[in-house]
Structure formats: C-alpha cells, structure tokens
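# Examination of the molecular architecture
The primary structure of each chain is shown beneath.
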Amino acid sequence: SIRFFESIAVNTVPIYIGDKEQKFPLSWLIDWDKACFRISCEEVLSRRMMFMLDRILSISNKELNRMRIHWIIC
C-alpha cells in the first residue's frame, strides 16, 4: 500500500492491521518486522488490539528513532 511509503515520507512508523503473513513491498530490502508495527486480525477480534496500541503508544522516542533509522539506511 502507498500508505506505508506515505508514513515513511513524513518520518512516522507505519502500523499495519491485517494478516500477519502479509508480504510488504520491498521486503527483500526492508525488514518490516523492525520498521513497522503489525496488529493481526485475530488481535483485533480478541480485543488484544487495545493492548497492542497501548504498547505502541508507550514506546520511547529512542526506540521509535531506531525503527525510523532502520528503513532510512536500507
């Protein structure tokens, strides 16, 4: 989705909600597990998504910058 690249262009970390096995563009170049957040459909249905979002919101700026740097240097 173009949304991934739009979020990267404005220096944010993408959040993907959907199939955990989904392959992302340029996966041969970018390790998306280190460069974005993933929330599965199962986590949405089980309401675990709220826990995941709380976890994402509590991540330090240092960790977010590490994630941003991952795809900048790719």
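For the structure, check the block above.
Description of the structure in this document. (Residues numbered from 1 in each chain as written. Predicted model: local features only at pLDDT ≥ 70, side-chain atom pairs only at ≥ 80, totals over all residues. Heavy atoms only, no water.)

## Observations concerning the packing of aromatic side chains
Here is the rule: Stacked, tilted and edge-to-face are the three classes applied to pairs of Phe, Tyr and Trp rings, where Trp contributes its six-membered ring and a pair requires centres within 6.5 Å; stacked means planes under 30 degrees apart, edge-to-face means over 60, and tilted covers the rest. Exposed residues in this analysis have more than 50% of their type's maximum accessible area, buried residues have under 20%, and partly exposed residues fall in between, with area computed by a 1.4 Å probe over protein chains only.
Scanning all chains against the criterion turns up two aromatic pairs. Aromatic pair tyrosine 16 and phenylalanine 24: ring centres 4.9 Å apart, planes at 75°, arrangement edge-to-face. Comparing tyrosine 16 with phenylalanine 24, the two get one shared label, buried. Consider the rings of phenylalanine 24 and tryptophan 32, whose centres lie 5.8 Å apart with planes at 85°: the pair is edge-to-face. For tryptophan 32, a relative accessible area of 3% corresponds to the buried category.

## Some points on the nonpolar core
Using the following cut-off: We define the nonpolar core as a collection of buried residues of types Ala, Val, Leu, Ile, Met, Phe, Trp, Tyr and Cys that are connected through side-chain atoms lying within 4.5 Å of one another. Counting from the N terminus, the helices are the DSSP runs of H or I reaching at least four residues and the strands are the DSSP runs of E reaching at least two. Note on contacts: a residue pair is in contact if any heavy atoms of the two residues lie within 4.5 Å.
Core analysis: the largest hydrophobic core is formed by nine residues, namely Val13, Phe37, Ile39, Met49, Met52, Ile56, Ile59, Leu64 and Met67. For this core, the elements supplying multiple residues, two or more each, are strand S2 (37-40), helix H4 (49-57) and helix H5 (61-72). Here this core takes three residues from H4, the largest share from any one element. With residues up to four places along the chain from it excluded, the contact list for isoleucine 59 reads Phe37 and Leu64. Counting eight residues, the second largest nonpolar core, distinct from the first, contains Phe4, Phe24, Ala35 and Cys36.

## Here we look at the pairing of strand S1 (residues 15-18)
Every regular strand shows the same layout, with side chains that alternate between the two sheet faces. Under the convention used in this document: When DSSP locates at least two bridges between a pair of strands, those strands are taken to pair.
The two faces of S1 differ: Tyr16 and Gly18 on one face are buried, but Ile15 and Ile17 on the other face are not. As defined by bridge partners, S1 adjoins S2 across four bridges and the pair is classed as parallel. What sits directly across from glycine 18, in S2, is serine 40.

## Observations regarding H4
Stated precisely, the cut-off is as follows: Each direction from the helix axis to a C-beta atom contributes to the arc, which is the arc of those directions.
Within H4 the residues assigned to the buried category are Met49, Met52 and Ile56. One face of H4 carries all of its buried residues, which in axial projection span an arc of 60°. Turned more than 90 degrees off the buried face of H4, the exposed positions are Asp54 and Leu57. At its buried positions, H4 is contacted by S1, S2 and helix H3 (41-45).

Everything listed is a geometric property; what it means functionally is a separate question.
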